Amino acid sequence: MSWRPQYRSSKFRHVYGKAATKESCYDGVPITRSVQDNNFCAVNPRFLAVITECAGGGAFLVISLHHTGKVDPHHPRVSGHRGNVLDVKWNPFNDYCIASCSEDSTVKVWEIPPHGLFKNMTVPWKELQGHSRRVGLIEWHPTANNILFSTAYDYKVMIWNLDCPEQVIKNPVRTIGHHADVVLSMSFNADASLMATTCKDRKVRLMEPRSGTLLQEASCKTHKSSKVVILDNVNKLLTSGTSRWNDRQVALWDLDDLSVPLLEENLDGSSGFLFPFYDPDTHMLYLAGKGDGNIRYYEISSEKPYIHFLTEYRSNLPQKGMGVMPKRGLDVSLCEVFRFYKLVTVKSLIEPLSMIVPRRSESYQEDIYPMTPGNKAALTADEWLSGIDKGPVLMSLRPGHPTDETHGETDKGPGRPHARTYAIHERSSAADGEPDENGGTSLSNGRRDFSLCSPPKTENELRIKFHKQQDEIRRLLELLQQRDVHIKQLELQINNMKNTQRNSSL
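If you're wondering where the values come from, they're calculated on a predicted model, not measured in any experiment.

### So, the side chain of Lys320
One can find Lys320 in the loop between β28 (307–313) and β29 (321–324). Here Lys320 sits buried without a salt bridge, and the closest side chain of opposite charge, Glu53, lies 7.7 Å off (N-O distance). From its side chain, Lys320 meets the backbone oxygen of Ser34 in a polar contact 2.9 Å long. In this view, Lys320 contacts Ile31, Thr32, Arg33, Ser34, Asn38, Phe40, Phe275, Lys290, Leu343 and Thr345; residues no more than four positions away in its chain are not counted.

The following block contains the structure:
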């Protein structure tokens, strides 16, 4: 019998990475030199945040996503920490809210103005004081609004409820103290009823985050784990780390039994940390090494051999960290299924990198874009703390599909402005035909009559008007792109109907 290779059919076999052009990158960014094993970058459909190197405390930049090219060296920063910033994360339900943690033992939550920063921001919306040593990692709850997790070098994981009137919060709602060393990573399942952590003591722990109950604890002599991610839709848990011979390695575990890993796979002998990124919509796993230029990607299945290698993206530019765009910010017209933002320290560059499924058809590809978690919270903080668990609120990525545009709400406290307040004010002004912030009159259909605008009197006013015009142009371009896609879909339907009628007549 002749030997035949076993081929596995997959719609993602030919996924390829496409790096952005130089004009679409962010150049001249003073990326932090911190040795913390974090991504140092966070992104959402509106803003890009990156931790920067600065003297006299910690700071990070917040850049509007479409303001690509050379970044102004004097660009305003968020600079309210007294020590180096170690991690930043955007609120998944509010594109204007970001949390940061620092070596000064605090966690701070900031509200970014809708049109970005025009001066340095030093006063946070909330300040969380509970850790006794530097805070190295923060994570937002994936389905409940205003619940934040933090872990520090005091070996504790703290859970914070931001729905309170106090500006300075000193008491977390829960403190988890099962760890004997520094927590290296945290991951949640879809409804956050389970939380997995990796620790410097080589153990993987699975716990119930609300009560802090330890459910399982795994320790493997042949695998030292550093990062963890829960693969909820296949009931697995994946860790990346090193083998006993210091080879970089990934291990796959059964979520119901962490006694022995299901699979251990050595990758190479490099020394940089492996960052795992999992896309539950496509079942694809991306492995990006710190200091590497390449990104490996795999497809995960629930049956042996579980992990199927697809291909590898190669680049000469080494990455220090990676930001990931939420699915609702992807360009579906290009069949983009994932997007990284690579921090290239050697060139002070942030390079967008799109993962694309090659398709000939230009219509919306329903099979690679299932319903995905959106920007609407399934629970309030009080509901989750009372014992309720809910899965994420899903949305469609189809162009023109109605989506929620409120981006969530946070408890502002008395006198605190919020992005939702601005949006409501703009809509009401447009409806009433009153003068807007530009000095022009908003017409009844939402258009602005800029012929009636008063000229800017200061450089700050000129900058504000410029950014607003850029936002308006970007919105119109997106609308035109969506209409072009819709027109092509209608043309295809008409051609199909004509061909059907012609065949029936024959």
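### Points about the environment of Lys327
Note on placement: Lys327 falls in the loop between β29 and β30 (336–344). In this structure, the C-alpha to C-alpha distance between Lys327 and Thr372, residues 45 residues apart in sequence, is 7.3 Å. If near-sequence neighbours (up to four positions away) are discounted, Lys327 is found in contact with Asp279, Asp281, Val337, Thr372 and Leu397. One polar contact links Lys327 to Asp281, side chain to side chain, over a distance of 3.1 Å.

### Some points on the sheet that holds strand β22 (residues 236–243)
If you trace the four strands from one edge of the open sheet to the other, you get β21-β22-β23-β24, paired in antiparallel fashion. Only two strands of the sheet have a single neighbouring strand rather than two, namely β21 (223–231) and β24 (263–268). When the angles between neighbouring strand axes are averaged without regard to direction, this sheet yields 25°. Sheet analysis places strand β23 (residues 248–254) next to β24, joined by five bridges and oriented antiparallel. When the sheet's bridge partners are listed, Gln249 is paired in β24 with Asn266.

### A short note on the nonpolar core
Core analysis: the largest hydrophobic core is formed by 33 residues, its most contacted members being Tyr26, Phe60, Val62, Ile112 and Tyr341. At the level of elements, β3 (41–43), β4 (47–52), β5 (58–64), β8 (85–90) and β30 are the ones that each hand at least two residues to this core. Residues in contact with Phe60, not counting those within four places in the same chain, are Ala49, Val50, Ile51, Thr52, Arg77, Val78, Val85, Val88, Ile98, Ser100 and Trp110. Membership of the second largest hydrophobic core comes to 26 residues, among which are Met284, Cys335, Leu353 and Ile368.

### Quick word on the sheet that holds β28
Strand pairing within a sheet occurs via backbone hydrogen bonds; the two strands may be parallel or antiparallel. Here we have four strands laid out as an open sheet, ordered β25-β26-β27-β28, and antiparallel in their pairing. Pairing within the sheet leaves two strands with one partner each, and these edge strands are β25 (274–279) and β28. Each adjacent strand pair in this sheet contributes to an overall mean axis angle of 25°, direction not counted. Alignment of strand β26 (residues 284–289) against strand β27 (residues 295–300), held across five bridges, turns out to be antiparallel. From the neighbouring strand, Leu287 faces β27, where its bridge partner is Arg296.

### Description of unusual backbone geometry
For the bond running from Lys304 to Pro305, omega is 5°, close enough to zero to count as cis. Here Pro305 shows up in the loop between β27 and β28. Although it is not a glycine, Phe40 sits at a positive phi angle of roughly 60°. Its place among the elements puts Phe40 in the loop between β2 (26–27) and β3. Phi at Ser348 is positive, roughly 50°, even though this residue is not glycine.

### Concerning the packing of aromatic side chains
Across all of its chains, the model carries eleven aromatic pairs by this definition. Taken together, a centroid distance of 5.7 Å and an interplanar angle of 20° make the contact between Phe47 and Trp90 stacked. Highlighted residues: Phe47 in strand β4 and Trp90 in strand β8, separated in sequence by 43 residues. By relative accessible area, which is 1% here, Phe47 ends up buried. Seen from their ring centres, Tyr286 and Phe338 are 4.5 Å apart, and the 20° between their planes marks the pair as stacked. Of this pair, Tyr286 sits in strand β26 while Phe338 is found in strand β30, placing the two residues 52 residues apart along the sequence.

### A few points about the confidence of the model for the protein
Residues of the protein with pLDDT of at least 70 account for 87%, and the chain-wide mean is 85. Low pLDDT (under 50) marks residues 1–5, which in the prediction has zero contacts with non-local residues, meaning those over four places away or in another chain. Here residues 404–453 is modelled with pLDDT under 50, and outside its nearest four sequence neighbours on either side it reaches 79 contacts, counting other chains as well.

### A short note on a nonpolar patch on the surface
A surface patch of nonpolar side chains, about 300 Å² in accessible area, is lined by Ile473, Leu477 and Leu480. In this structure, Leu480 sits in helix α3 (residues 459–505).

### Thoughts on the pairing of β8
Judged by how many residues are buried, β8 sits mostly within the fold: six of six residues are covered. Here β8 runs beside strand β9 (residues 97–102); their pairing, made up of five bridges, is antiparallel. The residue of β9 that forms the bridge with Val88 is Ser100. Following β8, the chain reverses through six residues before pairing antiparallel with β9.

### Some remarks on the pattern of salt bridges
Under the criterion given, the structure shown has 24 salt bridges. Its salt-bridge partner being Asp87, residue Lys89 comes within 3.2 Å of it at the nearest N-O pair. The two residues Lys89 and Asp87 agree in class, both being buried. The partner of Arg205 in a salt bridge is Glu217, and the shortest N-O contact between them spans 3.1 Å. With Arg205 in strand β19 (residues 203–208) and Glu217 in strand β20 (residues 213–219), the pair connects residues that are twelve residues apart, well separated along the chain. Arg205 gets classed as buried once you look at its relative accessible area, which sits at 2%.

### Things to note about the environment of Trp384
With respect to the helices, strands and loops of the structure, Trp384 is situated in helix α1 (residues 381–385). Classification of Trp384 as buried rests on a relative accessible area of 1%. Between the C-alpha atoms of Trp384 and Ala192, which are 192 residues apart in sequence, the distance is 9.7 Å. Here Trp384 is in contact with His141, Ala144, Ile147, Phe149, Ile159, Ala192, Pro209, Arg210, Leu379 and Asp389, once residues within four sequence places are set aside.

How each quantity is defined
- Per chain, residues are indexed from 1 in the order of the written sequence.
- Restriction of local features to residues with pLDDT of at least 70 applies here, the model being predicted, together with a cutoff of 80 or more for giving and counting side-chain atom pairs; totals for whole chains, interfaces and linings are based on all residues.
- Computation of side-chain values: all heavy atoms of the structure, hydrogens and water removed.
- Helix numbers and strand numbers start at the N terminus; a helix is a DSSP run of H or I with at least 4 residues, a strand a run of E with at least 2.
- The classification of residues rests on relative accessible area computed with a 1.4 Å probe and restricted to protein chains. Under 20% of the type maximum is buried, over 50% is exposed, and intermediate values are partly exposed.
- Under this rule, positive means Lys or Arg and negative means Asp or Glu; His and the chain ends count for nothing.
- Salt bridges, as used here, are contacts in which a Lys or Arg side-chain nitrogen is within 4 Å of a carboxyl oxygen on Asp or Glu.
- Here a polar contact is recorded for every N or O atom pair within 3.5 Å, except that within protein the pair must consist of a potential hydrogen donor and a potential acceptor, and residues adjacent in sequence are included only if both atoms are side-chain atoms.
- Throughout, a residue-residue contact means that at least one pair of heavy atoms, one from each residue, lies within 4.5 Å.
- The rule for pairing is simple: two strands pair if DSSP sees at least two bridges between them.
- Throughout, an axis means a line fitted to C-alpha atoms (over the contacting stretch in the case of helices), and angles, computed between N-to-C directions, take values from 0 to 180 degrees.
- Residues grouped as a nonpolar core are buried Ala, Val, Leu, Ile, Met, Phe, Trp, Tyr and Cys residues, joined through side-chain atoms within 4.5 Å.
- Classification of ring pairs rests on two measures: the distance between centres of Phe, Tyr or Trp rings, Trp counted by its six-membered ring, which must be within 6.5 Å, and the angle between planes, read as stacked under 30 degrees, edge-to-face over 60 and tilted in between.
- Per residue, pLDDT captures the predictor's confidence, and it can take any value from 0 to 100.
- Only residues whose relative accessible area exceeds 30% and that take part in no salt bridge are eligible for patches, with like-charged residues grouped when within 9 Å of each other and nonpolar side chains (Val, Leu, Ile, Met, Phe, Trp, Tyr) grouped when within 5 Å.
- Using a 1.4 Å probe, accessible areas were evaluated by the Shrake-Rupley method; residue-level cover was limited to the displayed protein chains.

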